[in-house]
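# Geometric and topological summary
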Amino acid sequence: MSNPAANTVKKPVSVKKVILRVLLYFVVLDVCVITLYPYFAMLCTALKNRVEIFSGNTILPVTALWSNFIEIWSRAPMARYLLNSVLIAGGSTIIAMLCGIPAAYALARMKFKGQTAFLGFVIVSQMFAPVVLLIGIYQVMQVLGLTDSILGLVFINAAFNQAFTIWLLRGTFMGISAEMEQAATIDGCNRVQAMMRVLLPVAAPGIVTTLIFIFINAWNEYTVALCLISTDTLKPLTVGINTFNGYNMIEWQYLFAASIFAIIPVVILFMCIEKNLVSGLASGGVKG
C-alpha cells in the first residue's frame, strides 16, 4: 500500500518568488528605518549636552546624559502640562463619542429628510483646517469666556473631531446586520436598549479605533491651544514644551526629552488597541 506522504513531492520555489520576497523585505526594512530614524535622532539629541549638540560630529552621544530627562521636570511644570493634555484629550474624546455615536446610529439605521445634505455637510466640515477658522474660533471663545481655559479647548477639539467620529462610526454600524437589533426588539428591547446591548458590543473594534484617533488628534493639537491659552499652568504639553524654546537659544536636549515624554502615551495607546485597529478601520470602511 503506497504512502501518500511518501508520494508527496515538494515543488521547487521559483527564483522569481524568492527575488520578490527579498525585495519586499528590503522595502519594508527601508520604510521602518525611514520612519523610526527621526525618533532615534530625537533620543540621541536628548542624551547630549549643549556643546555636543552644536558640534555636530556624530549623531550618537559621546556620554549619554540621562539626567536631561530628570532636569526637564524641574525646569518646567511638565507634570501640569501632562495633566492638562490628558484632561483636554480625554474630555474631548468623551464628548465627541457621546455626540457621535447617536448621530452615526441615526444616519446608519434611520431615514429622514435632509439625510444626504447632512452627510455632505459632515464631509465638507472636514475640509477646513483649524488655522483657517482661528479668528472666528477666538471670537466665539471670547464671547463665551473660554479663551484661557481647558474647557474651551475640550469643546473645540470635540467639535473638530465630530465629523470624523460620525463618518467612521456610520460605516461601522452599516457593516452590522440590522436583523440583530430587530431580534432584540422582538425580545422586548426598545431602540435604545437594542443599540446599547446588541449594536455597540458588536461594533466595539470600530468604536475603539475611532476613540483612539480622536484622542491622538486632540493630544497633538497645537495651533488653537497656542492662540487661546496664555496662562502657563493651563497649557497642554504640545504648547508647554515651548518653554525650552527661548528668545536667544533653543535648549534642544530638553526640548527633545520633553517631546519623547509627549510621544509615550500615544505609543502605549497604540500598543493597547493594536488588535482592534485593523478590524476597526475595515469595519468603518465597509459602507461609506
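Above this note sits the structure.
Anyway, here's the lowdown on the structure attached to this text. It should be emphasised that the depicted structure is a prediction, and the values quoted were computed from it without experimental measurement.

## Regarding the overall build of the protein
Helices and strands together make up the secondary structure of the protein, namely 14 helices and zero strands. Ordered by position from N to C terminus, the α and β elements of the protein give α-α-α-α-α-α-α-α-α-α-α-α-α-α. Burial status across the protein gives 36% buried among its 288 residues. Contacts spanning at least 24 positions in sequence make up 74% of the contacts within the protein whose residues lie at least 6 apart.

## Focus: the side chain of N157
Summarising the element assignment, N157 is placed in helix α8 (residues 150–174). Here N157 falls in the buried class, since its relative accessible area comes to 5%. Among the polar contacts made by the side chain of N157, one reaches the main-chain carbonyl oxygen of L153 at a distance of 2.7 Å. With residues near it in sequence (within four places) discarded, N157 still touches I88, S92, N217, A218 and E221.

## Observations regarding the packing of aromatic side chains
The geometry of two aromatic rings is summed up by the distance between their centres and the angle between their planes. Evaluation of the coordinates by the stated rule reveals seven aromatic pairs. Aromatic side chains F244 and Y254 sit 6.0 Å apart centroid to centroid with 40 degrees between the ring planes, which places their arrangement in the tilted category. Of this pair, F244 sits in the loop between α13 (237–240) and α14 (252–284) while Y254 sits in helix α14; the two residues are ten residues apart in sequence, bridging distant segments of the chain. Here F244 and Y254 have matching classes, each one buried.

## Topic: a nonpolar patch on the surface
A surface patch of nonpolar side chains, amounting to about 740 Å² of accessible area, comprises I123, V124, M127, F128, V131, V132, L133 and W167. Mapped onto the secondary structure, I123 falls in helix α6 (residues 115–125).

## Let's talk about the environment of T45
Tracing the backbone through its elements, the reader meets T45 in helix α2 (residues 15–46). The class for T45 is buried, based on a relative accessible area of 14%. Once the C-alpha coordinates of T45 and Q253 are considered, the two residues, 208 residues apart in sequence, prove to be 5.7 Å apart. When neighbours within four sequence positions are excluded, T45 is seen to be in contact with I53, W252, Q253 and F256.

## Describing the packing of helix α5 (residues 78–109) against helix α10 (residues 191–202)
Axis separation between α5 and α10 bottoms out at 12 Å; the angle between their running directions is 95 degrees. It follows from the interaxial angle that α5 and α10 lie roughly perpendicular. Across the interface between the two elements, I101, Y105 and R109 from α5 touch R191, M195, L199 and L200 from α10.

About the thresholds
- Residues numbered from 1 in each chain as written.
- Predicted model: local features only at pLDDT ≥ 70, side-chain atom pairs only at ≥ 80, totals over all residues.
- Heavy atoms only, no water.
- Helix = DSSP H or I, 4+ residues; strand = E, 2+ residues; numbered from the N terminus.
- Buried < 20%, exposed > 50% of the residue type's maximum accessible area, 1.4 Å probe, protein only.
- Contact = heavy atoms within 4.5 Å.
- Polar contact = N/O pair within 3.5 Å; in protein donor to acceptor, adjacent residues only side chain to side chain.
- Phe/Tyr/Trp six-rings, centres within 6.5 Å; stacked < 30°, edge-to-face > 60°.
- Patch = residues over 30% accessible without salt bridge, like charges linked within 9 Å, V, L, I, M, F, W, Y side chains within 5 Å.
- Areas by Shrake-Rupley, 256 points an atom, 1.4 Å probe, with all protein chains shown as cover.
- Salt bridge = Lys/Arg side-chain N within 4 Å of Asp/Glu carboxyl O.
- Axes fitted to C-alpha atoms, helices over the stretch in contact; angles between N-to-C directions.
- Parallel < 35°, antiparallel > 145°, perpendicular 65-115°, else oblique.

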